[in-house]
Amino acid sequence: MKKISTLLLVLAISSLTYAQNTYKGKVVGENNEALYGATIISTTKKGTSTNKKGDFSITLKDNSEVTVSYIGYKDASIILTSELNVIQLQTSEESLEEVVISASREQQKRKEVPAAISVISAQNIKETKPFGIEQIVNQVPGVFMATSKASSNEVHFMSVRSPISTKSLFLYVEDGLPIRPTAVFNHNALLEMNNTSFERVEVLKGPASSIYGSESIGGSFNFLTKNPKPGLHGSIGFQANDMGVKKYEAEISNHNSKNFGFYVGTHYIFRENGPIEHSDYEKFAITFKTINDFSETLKWTNAITLVDFRTDMTGSLSESDYLGGNYESDQTFTERVALAFRYRSTLDKYWNDNNKTSFNFIYRDNRMDQIPSYRVRQFRDDNRQLTGFASGETNSDQFVSYVGLIQHKIDFNFLNSSLIVGGFADLSPQDYVAENISITVDPTTGQNLSYSKNSNDYILNYEADILNYAGYFQYEISPIKDLKITAALRYDKFTYDYNNRIDGQAGAQDTKSEYNNISPKLGANFNFSNTGGIYANYSNGFTPPQTSDLYRNSLVDIGGEIFDLKPSDYNNYEVGGYFKNNTWKLDAALYILKGKNTLITLRDPNDLFYNANAGKTRSMGIEYGITFNATKEITLSYNGSYTNHKYISFFERGTDYSNTPMETAPKLLGMSTITYKPSYFKNFKIAAEHELVGKYNTSFEGQIDNQDGTFSTATYDGHNIINLKATYGYKKFEIWAHALNIFDDLYSVRASYNRFRGENSYIIGNPRAFHGGIKYSF
């Protein structure tokens, strides 16, 4: 009997031992970023945590269920399998613990970034059902992206710590890498993006030149693309509105394999017969992305994006047409056609728990052809009557790019410190041709009827090799537990090698221009707890002249030297704070942005555009975001800014405009939202939005001569627009409806003063419009 008992005990122990297995896995966030320190706890309370690569190993009984937790993310309950377990967590509302990457191209918690940074999460994008990119980014305090679905398309104006303009003061990056090269009008970058592929958006306000280089003055926008999810996922959707727009989109992704996953996202959008004449457009965009996990320490990501875009160019409305509701365009043939191809390859190597290197390569191939409405000049006689003739141009801008970036991060076992070092190089040969056209005008209606191309009548015909190389570092250290100090420095050099292919006929003489810059940054965070903290920083930003600013300046004679434009340089001083609990979320920043040699666009006496440096400018203000969870069903939020933009030192044609307000610079911007999610109606949400743009000058202060010895200033009174949005989810379907500008107020997304007409010109805002959509996910 004793032998039998012993045998049964041995068999029991053997059986128990046999049932034990070692499970391996990786814990990642919504964008497949590794989550370091995530806890994995079994039902028997046995646990472990992930390393810096997000990996874990745990020995448990078969079919054991574990709970995976990470601060700032929702818990997940998983039954582990014998295969590599890739566990993807979804973000929660704990914003201060949210992982961001835009401040350093590496994962950081929001509370460790000494800057004004906002995250628009995947859940937020899903709930917003954005009809355009502006409906995403305008939720960020101090950000105003102005576009009109009625009169333009995806062409936009931007204001972040700056006047409303198309200046290259904002950097647009995709997965941390610039979409366009420096000096080739990066404002068009948003036309070349596929917003179907956006997983989340991170907006870093203020100069970020210490990491990203030039053009990130007012802010940088990092559009993080979707990664393949475990299992087969996809969706198809359709949207339409009564402004003539229809959009079809589809997605599919799969990561069933242990080592390979893919994502495809595409859309086709077009408008026909909109409320404004000559405003049709169409766009096809597709993104294909793959991830290869060769091992736990080596990951290879590849992404291809193709965008084919064509649009009419309506142009702005005169004051009489704007106020009188006459939306008959003067244009009949102006257009913009763009074809953009972009390939990115990233190899991430984890050498050990403390060292990681990222190798990046980008190839870009872009072409944009235009008959631009903003280049049309109608001729008038001495009595200011139309003669029936006008001039204009066709132009073609092409470039290819070869970009390399290497970044290495070292974590030290000393005061929680780390060092990031990187090198960057971008060679982008550009080819540009512009030719004169003769235009026939109806002198009665002012409509441009037709055009003819003048053979070999070149305005410009050149090639320019644009080279930018840089080196940078960023060091972080925590001398005490709740204090993080960040110091960064970047050196950039730019070379523009310009070759005029029509010497003696048009354009400046051949030249080689060089620009250098050193951009420092110093900042600190102090966090009282996981729910609140403060920060302060100093940062420098700069932007060199665009090639178009240098080579097609109206002040340059044929064969003359290029106009001597200086790089614009900015110093930013900022303090801010953040707080979050179950009821309130507060985020505020107070800043002063001092600009030197700010680039502005002016018109010469012949009504031709030229660019000049404006001496010194100063923008100062406060940005604030407030969210109040009044009940479990009702949420109120207000994101806004109050700013003052001034010329500190500026002369134009002998007139001193120093210490006067800058034009197109509203002091007050705001977006208020009331959201209602009834508990008795699951998966339904309705929200009311109020968009506020304050009054601003459209001309220089006192620019208008009243011919009676007095001078005045042209202004735009601002606007208040109300939108309603509702969404409902049923099983795998989502439907939504938007009512835009429900009171049908007349407003302009941007107004500017035309000194030759002696009145304002307007880009018309959306009239009252209704937009709806449906989406099926699987």
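Source: prediction; values computed, not measured. (Residues numbered from 1 in each chain as written. Predicted model: local features only at pLDDT ≥ 70, side-chain atom pairs only at ≥ 80, totals over all residues. Heavy atoms only, no water.)

Student: Tell me what's going on with the overall build of the protein, and back it up with residues and numbers.
Tutor: When helices and strands are tallied, the protein shows 6 helices and 51 strands. In terms of overall dimensions, the protein is globule-like: its C-alpha atoms have a radius of gyration of 28 Å, near the 28 Å expected for 778 residues. Projecting the C-alpha coordinates of the protein onto the three principal axes gives extents of approximately 125 × 55 × 50 Å. Across the 778 residues in the protein, those meeting the buried criterion constitute 55%. A sequence separation of at least 24 residues applies to 64% of the contacts in the protein between residues at least 6 apart. Of the accessible surface of the protein, which amounts to about 32,800 Å², a share of 55% is contributed by carbon and sulfur atoms. (Helix = DSSP H or I, 4+ residues; strand = E, 2+ residues; numbered from the N terminus. Rg over C-alpha atoms; globule rule 2.2 N^0.38 Å. Buried < 20%, exposed > 50% of the residue type's maximum accessible area, 1.4 Å probe, protein only. Contact = heavy atoms within 4.5 Å. Areas by Shrake-Rupley, 256 points an atom, 1.4 Å probe, with all protein chains shown as cover.)

Student: I'd like a description of the sheet that holds strand β7 (residues 85–88), backed by residues and values.
Tutor: Sheet strands associate in pairs through backbone hydrogen bonding, adopting either a parallel or an antiparallel arrangement. Strand order in the open sheet made by the 3 strands is β4-β1-β7, with mixed pairing throughout. Strands at the two margins of the open sheet, each flanked by one partner only, are β4 (55–61) and β7. When strand polarity is set aside, the average angle formed by the axes of neighbouring strands in this sheet is 35°. The sheet contact formed by strand β1 (residues 20–28) and β7 spans 4 bridges and is parallel. Of the residues in β7, the one forming a bridge with Val27 is Ile87. (Pairing = 2+ DSSP bridges. Axes fitted to C-alpha atoms, helices over the stretch in contact; angles between N-to-C directions.)

Student: Describe the pattern of salt bridges, and please don't skip the residues or the numbers.
Tutor: Where charged atoms of side chains with opposite charge meet at close range, the side chains can pair. Enumeration according to the criterion identifies 27 salt bridges in this entry. Close ionic contact of Asp55 with Lys26 constitutes a salt bridge, the shortest N to O distance being 3.6 Å. In this pair, Asp55 sits in strand β4 while Lys26 sits in strand β1, placing the two residues 29 residues apart along the sequence. Notably, a salt bridge pairs Arg501 with Glu463, separated by 3.8 Å at the nearest N-O pair. Taken together, the residues Arg501 in the loop between β29 (483–500) and β30 (511–529) and Glu463 in strand β28 (residues 448–477) connect sequence positions 38 residues apart. Overall, Arg501 belongs to the partly exposed group, its relative accessible area being 34%. Accessibility expressed as a relative area gives 36% for Glu463, which makes it partly exposed. (Salt bridge = Lys/Arg side-chain N within 4 Å of Asp/Glu carboxyl O.)

Student: Help me get a handle on the sheet that holds strand β16 (residues 219–225), residues and values and all.
Tutor: The 5 strands lie next to each other as β10-β15-β16-β13-β14, forming an open sheet whose pairing is mixed. Lying at the two open borders of the sheet, with one neighbouring strand each, are β10 (116–120) and β14 (177–178). Two strands pair when backbone bridges link them, and strand β13 (residues 170–174) and β14 are joined in this way by 2 bridges, in the antiparallel orientation. Considered in β14, the bridge of Val173 is made with Pro178.

Student: So, the pairing of strand β33 (residues 584–596): which residues are in play, and what are the values?
Tutor: Alignment of strand β32 (residues 568–580) against β33, held across 12 bridges, turns out to be antiparallel. Residue pairing across strands places Tyr570 opposite Gly595, the latter belonging to β33. Between β32 and β33, which pair antiparallel in sequence order, lie 3 residues. With 13 bridges joining them, β33 and strand β36 (residues 616–629) adopt antiparallel strand pairing. Counted as the bridge partner of Ile592 is Met620 from β36.

Student: An account of the packing of aromatic side chains is requested, with residue identities and associated values reported.
Tutor: Applying the stated criterion across every chain yields a total of 31 aromatic pairs. Their ring planes at 15° and their centres at 4.9 Å tell us that Phe681 and Phe684 sit as a pair that is stacked. Taken together, the aromatic side chains of Tyr432, Tyr462, Tyr498 and Tyr551 make up a single cluster linked through ring pairs. The cationic tip of Arg161 hangs over the ring face of Tyr591; the distance from NZ or CZ to the ring centre is 4.2 Å. (Phe/Tyr/Trp six-rings, centres within 6.5 Å; stacked < 30°, edge-to-face > 60°. Lys NZ or Arg CZ within 6 Å of the ring centre and 35° of its normal.)

Student: Requested: an account of the side chain of Thr334, with residues and values cited.
Tutor: Locating Thr334 in the fold gives a position in the loop between α5 (319–324) and β23 (335–352). By relative accessible area, which is 1% here, Thr334 ends up buried. In terms of polar contacts, Thr334 uses its side chain to reach the backbone carbonyl oxygen of Met313, at 2.6 Å. (Polar contact = N/O pair within 3.5 Å; in protein donor to acceptor, adjacent residues only side chain to side chain.)

Student: How would you explain a nonpolar patch on the surface if you had to name every residue and give the values?
Tutor: A cluster of nonpolar residues, Phe361, Tyr402, Val421, Leu427, Leu467, Tyr469, Phe473, Leu489, Tyr491 and Ile518, forms a patch on the protein surface that exposes about 830 Å² of accessible area. For the nonpolar patch, the elements supplying multiple residues, two or more each, are β27 (418–441), β28 and β29. By the secondary structure assignment, Tyr469 is in strand β28. (Patch = residues over 30% accessible without salt bridge, like charges linked within 9 Å, V, L, I, M, F, W, Y side chains within 5 Å.)

Student: Residue-level account of the nonpolar core, with values.
Tutor: As a rule of thumb, nonpolar side chains are buried together in soluble globular proteins. The biggest cluster of nonpolar side chains holds 26 residues, and the ones touching the most others in it are Val143, Met158, Tyr172, Val201, Phe221 and Phe223. Elements represented by at least two residues in this core include exactly α3 (134–137), β11 (143–146), β12 (157–160), β13, β15 (198–205), β16 and β33. Per-element accounting of this core gives the leading share, 3 residues, to β15. Setting aside residues no more than four positions away along its own chain, Met158 makes contact with Val143, Phe144, Met145, Pro163, Ile164, Ser165, Phe170, Tyr172, His187 and Phe221. Core analysis: the second largest hydrophobic core is formed by 21 residues, Ala183, Tyr432, Tyr496 and Leu599 among them. (Core = buried A, V, L, I, M, F, W, Y, C linked by side-chain atoms within 4.5 Å.)

Worth remembering: the numbers are spatial, not functional.
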